[in-house]
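Survey of secondary and tertiary structure
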Amino acid sequence: MKFAASTFLLVLVSSKAIASYAPTITSPCSSNVTLRLGGTPQSGNQTLNSDEAAYIQARKTAALASLKTYLGPLASSVFNGSLDLLTTSTMPTLGIAISGGSERASLFGAGVVATLDGRNTTSVNKTLGGVLQSATYMSALSGGSWFLSSLLLNDFPSSIYQLVLGGGNQTGWNLDISVTNPGNVTQQGVVVQQILSDLAAKKDAGPFNVTIGDYWARALSRHFLPGTSVANFFDNQTTDHGASLLLSSATGLSSWSSHAMPFPLMVTTVLSVNEKAAPLSGDVVPLQNVVYEFSPLEFGSYDPELSAFISLKNLGTSLNAGTVVNDQCVTGFDNAGFLFGISSNLFAEYNITQSAAWTSPVSPINAAWTLINSTFYSVQPNQQLDISAVPNPFKGLNNGSYEDSNQDQLRLLDGGLDGQVDPLAPLLVKARGVDTIIVADASADTAANKPDGSSLLATAARQSVLPNGTYTFPPMPNSTATFISQGLATRPTFFGCQAATGNASSYPLIIYLPNADPHGVTNTSTTILQYSAALSSAFLDSTVSIVSGGINGTDSQWPTCLACAVVERGRAKAGVNRTSACTACFNKYCWSGSNTGNGYGSATGTGGSGTGAKSAAPGQVKAFAGLAVPALVAAILLVVF
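Residues numbered from 1 in each chain as written. Predicted model: local features only at pLDDT ≥ 70, side-chain atom pairs only at ≥ 80, totals over all residues. Heavy atoms only, no water.

1. A look at the overall build of the protein
For the record, the criterion: Only runs of H or I of at least four residues qualify as helices and only runs of E of at least two qualify as strands under DSSP, and these elements are numbered from the N terminus. Summary of the burial criterion: residues with accessible area below 20% of their type's maximum are buried, those above 50% are exposed, and those between are partly exposed, where the area comes from a 1.4 Å probe applied to protein chains only. Here, residues are in contact when the closest pair of their heavy atoms is within 4.5 Å.
Summing up its helical and strand segments, the protein has 20 helices and 16 strands in all. The burial tally for the protein puts 60% of its 641 residues in the buried class. A separation of at least 24 residues holds for 74% of the contacts in the protein among residues at least 6 apart in sequence.

Written as structure tokens, this is what we have:
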């Protein structure tokens, strides 16, 4: 049954709604909707989705050829033997993790990937290009997921610079138009009117509650999904601005069928009413809460308390103990913007902390959640608005261990709100066998908007709160103070060198690339959601310099040292010794394992991690960004009439 519009404003907006954002319900259920159980390392039965496994098998064949091409000019320096010793079984399984951090993280991730891209002639000439093509997986969260989604859904374009800035057949990210305050008042009204129309269509389609997550997603989509340009940004008649674009549709792209791109994974976490612990100090979500992942194939988690997945095409379908509820199947719920909006939904943090951005009547965030609440309250009176709402397909599973087994709805949030701003969890799944991870960390942990290692320490701490053997992570410094005092977050650092001297290691080698620009060009605030074309270009150029330069940006041996780290686990599996050049590189770039001294040198010893704790109550109804309420209403009325 269709819902009645709750306000005159919604009636006006709904009259122009584009229904393509709305999911579709089929009843009786015409498809066989089932859950896939992922197994656990503890039980010895952890498995991949069969389609993921097939993709990875083909991807590794392509990655092996790219790895040999990339290593070719450096082969005698970085590999003690013939490169033919590297096979799809012995080659390193390389993952690239793009951190969160709003548009700063999107740009930093783009710059890192551009530097490592074998299609970039400048990078190839520096013997850096080709690392991207040698990678098997790529993970991202929050602002990093905006970049990853754009890269994927634009069909892995040949120029990362054009993906961001436009040019060729790319429309660009339109970053010179603000996400939260686009254009003048009339233009803002055009955008807000269409967003509310899309939300109304979704709500009208069935039991799909809308929140700030939907609003945020539709605002971001005009920037990071294909089809929107500066020319049509404020045009609601000729384009739906990604309203009909599904993440699952990526499997129909040519880059997918050719396995040209690393397998993509996006990360989100959950605000559960059944949380088992308090968050770490300064965070919103406990480390014990389930970490979920999206791929174009499925949604779910490998955390042992759940370890279950639903096909992404059927996300939005409610199940109870694995059985479809009311024989109603849902498709079209996996809107691409909605999913990367979930991964970047920070609004519960604003609510819980009661920041001025959340509470002040003049704040655009306060204005937007107020508008959403007044528009949709009568048809979803108990809905919490500061989260992204997803019908729980895992209800009734693992009762007694799975925290949301009794919940009809998953309250999903930014994947970094448990402190893990680097999206490492999916790359640590043992069935994936990732043994080398490049971490592009654009966290803003310090007053200068630079990382201080907090995210790596959070992942190390999570290893200790999950069942033993869930994943393994290399030794880390014991605190952020050590990270800072040893300069580990101001230059590339390798973690996990200790156990890689002759045999394959049980934990991955981490190649840590922090966003530590000595000139500060790339260390912008998380709250900045508008960049001029000149600043975006300068940001990318500065990131390329950071990634290309090694220590102090001036180490001529850095390309060799990076190659040593990339091939290290493959070298160990092939059973050959490190070269003298790689030994020197590891002495220069590996963390020593000591919490005293300068932190570098012989890669021996172990490290722990220090954590704190705080109490935090779950947020209540509210959420987002736009104009002050009177301006929003006035702008919409100008458009409607």
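We are not done yet, so read on.
2. Considering the pairing of strand S13 (residues 409-414)
When a strand is regular, its side chains alternate between the sheet's two faces. Selection criterion: DSSP calls a pair of strands paired once it identifies at least 2 bridges connecting them.
Across the six residues of S13, five count as buried, placing the element largely inside the fold. Pairing analysis gives four bridges linking strand S12 (residues 388-391) to S13, with the strands arranged antiparallel. Residue pairing for S13: Ala-389 is matched across the bridge by Arg-411.

3. Notes on the state of the cysteines
Disulfides are covalent bonds that link the sulfur atoms of two cysteine residues. Rules: The disulfide definition used here is simple: a pair of cysteine sulfur atoms within 2.5 Å.
In total, this model carries four disulfides according to the counting rule given. Each sulfur in the disulfide pair Cys-564 and Cys-582 lies 2.0 Å from the other. Here Cys-564 and Cys-582 share a disulfide; its torsion about the S-S bond, -85 degrees, makes the bridge left-handed. Pair noted here: Cys-564 is in helix H18 (residues 558-574) and Cys-582 is in helix H19 (residues 580-589), with a separation of 18 residues, a long-range link. Look at Cys-564 and you get buried, because its relative accessible area is 1%. Cys-582 gets classed as buried once you look at its relative accessible area, which sits at 2%. Each bonded cysteine of the protein is numbered by sequence order, and under that numbering the disulfide pairs are 1-2, 3-8, 4-7, 5-6.

4. Some thoughts on the pairing of strand S3 (residues 94-98)
Most of S3 is tucked away, with five of its five residues classed as buried. Neither face of S3 is open: one carries Leu-94, Ile-96 and Ile-98, the other Gly-95 and Ala-97, and all of them are buried. Across five bridges, the pairing between S3 and strand S14 (residues 436-441) is parallel. When the bridges of S14 are listed, Gly-95 appears paired with Ile-437. Of the strand pairs in this sheet, S3 and strand S4 (residues 137-140) are connected by four bridges, and their pairing is parallel. Looking at the pairing, Ala-97 lines up with Ser-139 of S4.

5. Digging into helix H17 (residues 533-549)
Threshold: To estimate how far a helix should reach, multiply one less than its number of residues by 1.5 Å.
When the terminal C-alpha atoms of H17 are compared, their 24 Å separation across 17 residues agrees well with the 24 Å that a helix rising 1.5 Å per residue should span. All buried positions along H17 are accounted for by Ser-536, Phe-539, Leu-540, Ser-542, Thr-543, Val-544, Ile-546, Val-547, Ser-548 and Gly-549. Of the residues trailing H17, Gly-550 is marked for its positive phi of about 70 degrees.

6. What about the packing of aromatic side chains?
The condition that has to hold: Each Phe, Tyr or Trp ring, with Trp reduced to its six-membered ring, pairs with another whose centre is within 6.5 Å; inter-plane angles below 30 degrees give stacked pairs, above 60 give edge-to-face pairs, and intermediate values give tilted ones. Whether a charge sits over a ring comes down to the Lys NZ or Arg CZ being within 6 Å of the ring centre and within 35 degrees of the ring normal.
Counting across every chain of the model gives 28 aromatic pairs. Both rings, one in Phe-208 and one in Phe-333, keep their centres 5.9 Å apart while their planes meet at 45 degrees; by these two values the pair is tilted. Pair noted here: Phe-208 is in the loop between helix H8 (185-204) and helix H9 (212-224) and Phe-333 is in the loop between strand S11 (329-331) and helix H11 (336-343), with a separation of 125 residues, a long-range link. Phe-333 shares its class with Phe-208; the two are buried. The interplanar angle of 50 degrees and the centroid separation of 5.0 Å between the aromatic rings of Trp-558 and Tyr-589 together place this pair among those described as tilted. Highlighted residues: Trp-558 in helix H18 and Tyr-589 in helix H19, separated in sequence by 31 residues. Tyr-589 carries the same exposure label as Trp-558, and that label is buried. Connected via pairs of aromatic rings, a cluster forms that spans Trp-146, Phe-147, Trp-173, Trp-216, Phe-224, Phe-340, Phe-347 and Tyr-350. The ring of Phe-156 carries Arg-119 above its face, with NZ or CZ at 4.0 Å from the centroid. We note Lys-202 situated over the ring of Phe-338; from NZ or CZ to the ring centre the distance is 3.8 Å.

7. Thoughts on the nonpolar core
Threshold: Residues belong to a common nonpolar core when they are buried Ala, Val, Leu, Ile, Met, Phe, Trp, Tyr or Cys residues joined through side-chain atoms within 4.5 Å.
Phe-147, Tyr-292, Phe-294, Phe-299, Phe-394 and Phe-494 are the most contacted members of the largest nonpolar core, which totals 165 residues. Of all hydrophobic cores here, the second largest spans eight residues; its members include Leu-271, Val-284, Ala-389 and Leu-413.

8. Looking at the packing of H8 against H9
Note the cut-off: Lines fitted to the C-alpha atoms define the axes, with helices restricted to the stretch that makes contact. Angles between their N-to-C directions range from 0 to 180 degrees. Relative orientations are named as follows: roughly parallel for angles under 35 degrees, roughly antiparallel for angles over 145 degrees, roughly perpendicular for angles from 65 to 115 degrees, and oblique for any other angle. When the near helix sits turned anticlockwise from the far one by under a right angle, the crossing is termed left-handed; a clockwise turn instead gives a right-handed crossing.
It is at 10 Å that the axes of H8 and H9 come closest, and there the two elements cross at 130 degrees. With respect to H9, the element H8 is oriented oblique. Considering the relative orientation of H8 and H9, their crossing is right-handed. Together, Val-191, Val-192, Gln-194, Ile-195, Leu-196, Asp-198, Leu-199 and Lys-202 of H8 and Asp-214, Tyr-215, Arg-218, Ala-219 and Arg-222 of H9 make up the contact between the two elements.

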